[in-house]
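# Structure at a glance
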Amino acid sequence: MKIALVHDHLVGKGGAERVFQYLCEEFSDADIYTVAYNPKGTYDAFLNFKIHTTWLNKFVQSMESFRWSFPIATYVMQAIDLKDYDIVLSSSTTVAKYVKIPNGIHICYCYMPARALWQSESYFGESIKGKIMKIFLSYFKKRDFNAAQKVDEFIAISNMTKEYIYSFYKRESQVIYSPIDLTKFSPKGTKKNHFLIVSRLERWKKIDFAIEAFNKLGLLLRIIGTGTDEMRLKEMSKSNISFIGLVNDEELAKEYSEASAVIFTPFLEYGLIPLEANACGTPVICLGKGGIIETMIPLNNNDKNKKPTAVFFYEQTADALTESIRNFDPADFNATDLVKHASEWGVPVFKANIRNYINTKVKKLHT
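I will try to describe carefully the structure that is included in this document. (Residues numbered from 1 in each chain as written. Predicted model: local features only at pLDDT ≥ 70, side-chain atom pairs only at ≥ 80, totals over all residues. Heavy atoms only, no water.)

## Details of a nonpolar patch on the surface
As a reminder, the rule being used: A patch is a set of surface residues, each over 30% in relative accessible area and not in a salt bridge, joined within 9 Å for like charges and within 5 Å for the nonpolar side chains Val, Leu, Ile, Met, Phe, Trp and Tyr. Working definition of accessibility: Shrake-Rupley area with a 1.4 Å probe, residue cover restricted to the visible protein chains. Salt bridge, as used here, is a side-chain nitrogen of Lys or Arg placed within 4 Å of a carboxyl oxygen of Asp or Glu. Labels follow the DSSP assignment, with helices taken as runs of H or I lasting at least four residues and strands as runs of E lasting at least two, numbered in each case from the N terminus.
A contiguous nonpolar patch, built from Trp68, Ile132, Ile135 and Phe136 and spanning about 440 Å² of accessible area, is present on the exposed surface. For the nonpolar patch, the leading source of residues is helix H5 (residues 128–149), giving three residues. Inspection of the secondary structure puts Phe136 in helix H5.

## Comments concerning the sheet that holds strand E7 (residues 173–175)
Rules: In this description, strands pair whenever DSSP reports at least two bridges between them. A contact between two residues is defined here by any heavy atoms of the two lying within 4.5 Å. Here, axes are lines fitted to C-alpha atoms. For helices the fit covers the stretch in contact, and angles between N-to-C directions go from 0 to 180 degrees.
Ordered in space as E3-E2-E1-E4-E5-E6-E7, the seven strands form an open sheet in which the pairing is parallel. The open sheet terminates on both sides in strands that have one partner only, identified here as strand E3 (51–52) and E7. Note: strand E2 (residues 31–34) against E3, two bridges, orientation parallel. Bridging across to E3, Tyr33 finds its partner in His52. Lying on the sheet, helix H1 (residues 15–26) is in contact with strand E1 (3–7), E2, strand E4 (87–92) and strand E5 (105–110); it crosses E1 at an angle near 170 degrees.

## Details of the packing of helix H10 (residues 272–279) against helix H13 (residues 335–342)
Where we set the bar: For classification purposes, an angle smaller than 35 degrees is called roughly parallel, one larger than 145 roughly antiparallel, one from 65 to 115 roughly perpendicular, and anything else oblique. In this scheme the handedness of a crossing depends on how the near helix is turned from the far one: anticlockwise by less than a right angle means left-handed, clockwise means right-handed. Under the convention adopted here, Pro, Cys and the residues Ala, Val, Leu, Ile, Met, Phe, Trp and Tyr are nonpolar, Asp, Glu, Lys and Arg are charged, and Gly plus all remaining residues are polar.
Following both chains from N to C, one finds H10 and H13 inclined at 130 degrees, their axes separated by 7 Å at the closest point. It follows from the interaxial angle that H10 and H13 lie oblique. The way H10 lies across H13 gives a crossing that is left-handed. In this structure, H10 uses Leu275, Asn278 and Ala279 to contact H13, whose residues at the interface are Leu338, Val339, His341 and Ala342. Here the residues of the contact of H10 with H13 sort into five nonpolar, two polar and no charged.

## Here's the deal with unusual backbone geometry
Going by this rule: Buried residues are those whose accessible area, probed at 1.4 Å on protein chains only, stays under 20% of the maximum for their type, while exposed residues exceed 50% and partly exposed ones sit between those limits.
Backbone geometry at Lys206 places phi at a positive 60 degrees, although glycine is not the residue there. Its location among the elements puts Lys206 in the loop between strand E8 (195–198) and helix H7 (208–217). Its relative accessible area of 31% is what places Lys206 among the partly exposed residues.

## Focus: the sheet that holds strand E11 (residues 261–264)
With parallel pairing, the six strands of this open sheet are ordered in space as E10-E9-E8-E11-E12-E13. Two strands lie at the open edges of the sheet, namely strand E10 (241–245) and strand E13 (310–313), each paired on one side alone. For this sheet, the mean angle separating the axes of adjacent strands, direction not counted, is 25 degrees. Relative to strand E12 (residues 284–287), E11 is paired through three bridges, and the arrangement is parallel. What sits directly across from Phe264, in E12, is Cys286.

## Section: the side chain of Ser324
Position of Ser324 relative to the elements: it lies in helix H12 (residues 318–327). Looking at Ser324, the relative accessible area reads 8%, which means it is buried. Beyond its immediate chain neighbours, meaning those up to four positions away, Ser324 contacts Ile285, Val311, Phe312 and Phe313.

## Section: the packing of aromatic side chains
Defined as follows: Pairing of aromatic side chains requires ring centres within 6.5 Å, counting the rings of Phe and Tyr and the six-membered ring of Trp. Pairs whose planes differ by under 30 degrees are stacked, by over 60 edge-to-face, and all others tilted. The criterion for a charge sitting over a ring is simple: Lys NZ or Arg CZ within 6 Å of the ring centre, and within 35 degrees of the ring normal.
For the coordinates displayed, the defined rule picks out 19 aromatic pairs. Considering the side-chain rings of Tyr109 and Tyr111, the 5.4 Å spacing of their centres and the 85 degrees angle between planes classify their relative orientation as edge-to-face. Just as Tyr109 is buried, Tyr111 falls in that class too. On the basis of an interplanar angle of 20 degrees and a centroid distance of 5.4 Å, the ring pair of Tyr164 and Phe168 is categorised as stacked. Of the two residues, Tyr164 and Phe168 both sit in helix H6 (residues 159–169), four residues apart, roughly one turn of that helix. For the pair Tyr164 and Phe168, a shared accessibility class is recorded, and that class is buried. If you follow Arg143 out to its NZ or CZ, it ends over the ring of Tyr75, 3.8 Å from the centre. Residue placement shows Lys170 over the ring face of Tyr166; its charged tip is 5.8 Å from the ring centre.

Set out below in structure tokens:
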């Protein structure tokens, strides 16, 4: 059985790239394809694999350049020759699902239907890219829908993603939750008196209202990550807020472990960061909507058998977050319980689930 793995791009560090790394490890004999690969921009683990790129690799070496290339990248992805593969497993939010598989089965592990198309207003805001995309939005939505119809099977990362796949693509899917690496994320160091945000610094991640809250509270906040919204966020931050930039996994585990709590602001279909925080013995203060309700257990959940992992707030506003921070008490959480909860989301379970899923599809192919 010949397998190909396909990912949108490998020029950044995010949850999707983490998951694709685990897929590459599990299917180590597979050929790997992506639009572009920047070894310095993504995780070092990909240095262990041979990665096939496209001609766009010369021009796409960052998240920002990939966003500008998105319309072209859909056509470039279609041109990749995958006729010799029995199974193609695409790992996709944007363009990986566009690949053509004339002879084999195409299984798409879908993080989310492309936000730039299906949630364009919240994704782009009033930016120039958003105004340009709006002109062509109808056309590219149609292309995205048609590409989804050519996928044989969808796997969703959460029930929320499952609902979006059906809503936008009219396709059913099976849920296999994304994992966290428990060998990398575990308690390290002692607690300190500050809070932590770990995120790509993009407008749709909604970091700005967290900065407004901490400007008001005067509490210490550390922010890990980079992105196109970094300069604006720095300009609006007071001296109690520190921007750390990118860190390696060892440093990230230490940052998680030392924080009083991790602040998680976006409305997302899933979110690996809250689980990584729990794995390091740290609770989360997060928006209690979307996929987060599938992975986090809120304080005061009325079930004595469910130990809390997070404090929820329900509006993406500085006031709502401020109230949650003021009511947050570290004594309400037990580090052992947090680590135990995170252990249910480990990589070995994920790899076994994906392997079993594909084996089942292969058996059906030969019966």
